[in-house]
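# Observations on the three-dimensional arrangement
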Amino acid sequence: MRFLSRLRSLPVPIFLLGLASCNPLSTPPPTATPAPSATPTSTAAATAPQLLPPGDYGRTVDVDGVKRFYLLHVPPGSDALGPVPAVFVFHGWSGTPKEVQGSTDFNYVADRNGFIAVYPQGTGTGKGDLSWNAGDCCGAALAADTDEPAFVRRMLADLETLVRIDPKRTYAAGFSNGAFLSYRLACEMSETFAAVAPVGGVLVFEPCLPQQPVAVIHVHGLYDRTVPYEGGGVVVSGGFPSVEETIHTWVGLDGCDPSPLVDEPFRNVTHTAYGSCRAGTAVERYAIDLYGHRWPTANVFPASQTIWDFFAAHPKP
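Throughout what follows, the structure given in this document is the object of discussion.

So, how was this worked out
Residues numbered from 1 in each chain as written. Predicted model: local features only at pLDDT ≥ 70, side-chain atom pairs only at ≥ 80, totals over all residues. Heavy atoms only, no water. Helix = DSSP H or I, 4+ residues; strand = E, 2+ residues; numbered from the N terminus. Contact = heavy atoms within 4.5 Å. Salt bridge = Lys/Arg side-chain N within 4 Å of Asp/Glu carboxyl O. Buried < 20%, exposed > 50% of the residue type's maximum accessible area, 1.4 Å probe, protein only. Core = buried A, V, L, I, M, F, W, Y, C linked by side-chain atoms within 4.5 Å. Expected span 1.5 Å × (residues − 1). Polar contact = N/O pair within 3.5 Å; in protein donor to acceptor, adjacent residues only side chain to side chain. Disulfide = S-S within 2.5 Å.

Another aspect to go through is the overall build of the protein chain. Counting secondary structure elements, the protein chain contains seven helices and ten strands. Restricting the contact set of the protein chain to residue pairs at least 6 apart, pairs at least 24 apart contribute 66%.

Scanning all chains against the criterion turns up seven salt bridges. E148 is the partner of R68 in a salt bridge, and the nearest nitrogen-oxygen pair spans 3.5 Å. Placement of R68 in strand β2 (residues 66-74) and of E148 in helix α4 (residues 148-159) is noted, with a sequence separation of 80 residues between them. This pair shows no difference in class: R68 is buried, exactly as E148 is. Between R153 and E191 there is a salt bridge; the shortest N-O distance is 3.9 Å. With a gap of 38 residues between them, R153 in helix α4 and E191 in the loop between α5 (177-188) and β6 (195-199) connect regions that are remote in the sequence. The exposure class assigned to R153 is partly exposed, which follows from its relative accessible area of 40%. The partly exposed category is assigned to E191, whose relative accessible area is 34%.

Judged by nonpolar contacts, the single largest core of 57 residues is most densely connected at L72, I116, F180 and W250. Beyond its immediate chain neighbours, meaning those up to four positions away, W250 contacts Y183, A186, C187, L203, C208, P210, V214, V216 and V283. Core analysis: the next-biggest nonpolar cluster, separate from the first, contains 32 residues, I217, I288, W295 and F310 among them.

Moving on to α4. Relative to the 16 Å expected for twelve residues at 1.5 Å per residue, α4 spans 17 Å between its end C-alpha atoms, a close match to the ideal helical length. Extensive coverage of α4 is indicated by the burial of nine of its twelve residues. Sitting at the head of α4, D147 places a side-chain oxygen 3.1 Å from the backbone nitrogen of A150.

Chemically, a disulfide is nothing more than a covalent bond linking the sulfur atoms of two cysteines. Counted according to the given criterion, the structure contains three disulfides. Put simply, C187 and C208 are joined by a disulfide, and their sulfur atoms are 2.0 Å apart. Measuring handedness by torsion sign, the sulfur bridge of C187 and C208 sits at about -95° and is left-handed. You can see C187 sitting in helix α5 and its partner C208 sitting in the loop between β6 and β7 (215-221), a full 21 residues away along the chain. Assessed through its relative accessible area of 13%, C208 is described here as buried. Here the protein chain pairs its bonded cysteines, counted in sequence order, in the arrangement 1-2, 3-4, 5-6.

What follows is the structure, given as structure tokens:
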């Protein structure tokens, strides 16, 4: 592409891996349904799902003796929709569930499109140090070899007691360290996730051996200096793989036609799509020129709505 030569892999502080969590979109959401005052705690009761009223809920689950937390957003009218899709949204290193909830505006997208949004919390010593074990990054979660798939499975078990989830429409999105994790989940939980949407992150998990094809939509700023588009950087030893390497890997894993369709840049965004993939999956990339390591703001690129549209088009068979 015409602007790739302008990339440079410059070192930046590590804390930027979570910076975009503090960057709300410029388009304000509609007035939200007030969240319940109580913060429920999960139980293991194997009962029929309770139909939660619309709102935001704090949930705590036990994972091998460790208390893990997540936020749940239930859209209006979900009790009349039947089984609903679930979108997990993972914050970046040093981020929080609340921050990524605000920066991505997924609550608004969920309310308009009828899916539940789940915002899990990473592990660490406290706010400013929360991270995910995504394979080769990051922080305390990596050092402790935290079993992130076990946490996800425990959240899913908890959700099944609360809402009716469509098992063919479970998805994962994430920013930076959370994007790395979404790729790990595609590798290790391909039977669960129909599609993933990494934003500002690449595949750092090995070996990646998904049992089923998983659709991928990847969003990345071409001026990203923390997770450089061309690879490298200083956050991990030896640097990150490039976005091209990551996309090439998934094109192979999903058995796609290696010849992509490339749209001309529109508002500095170039869209590349690989089709004819196994089981109706696809691999797509949105490269944003003149943009760094942040979740795209609405005036630059409607990332969250675009991600949801891709998810909706790619359920499990």
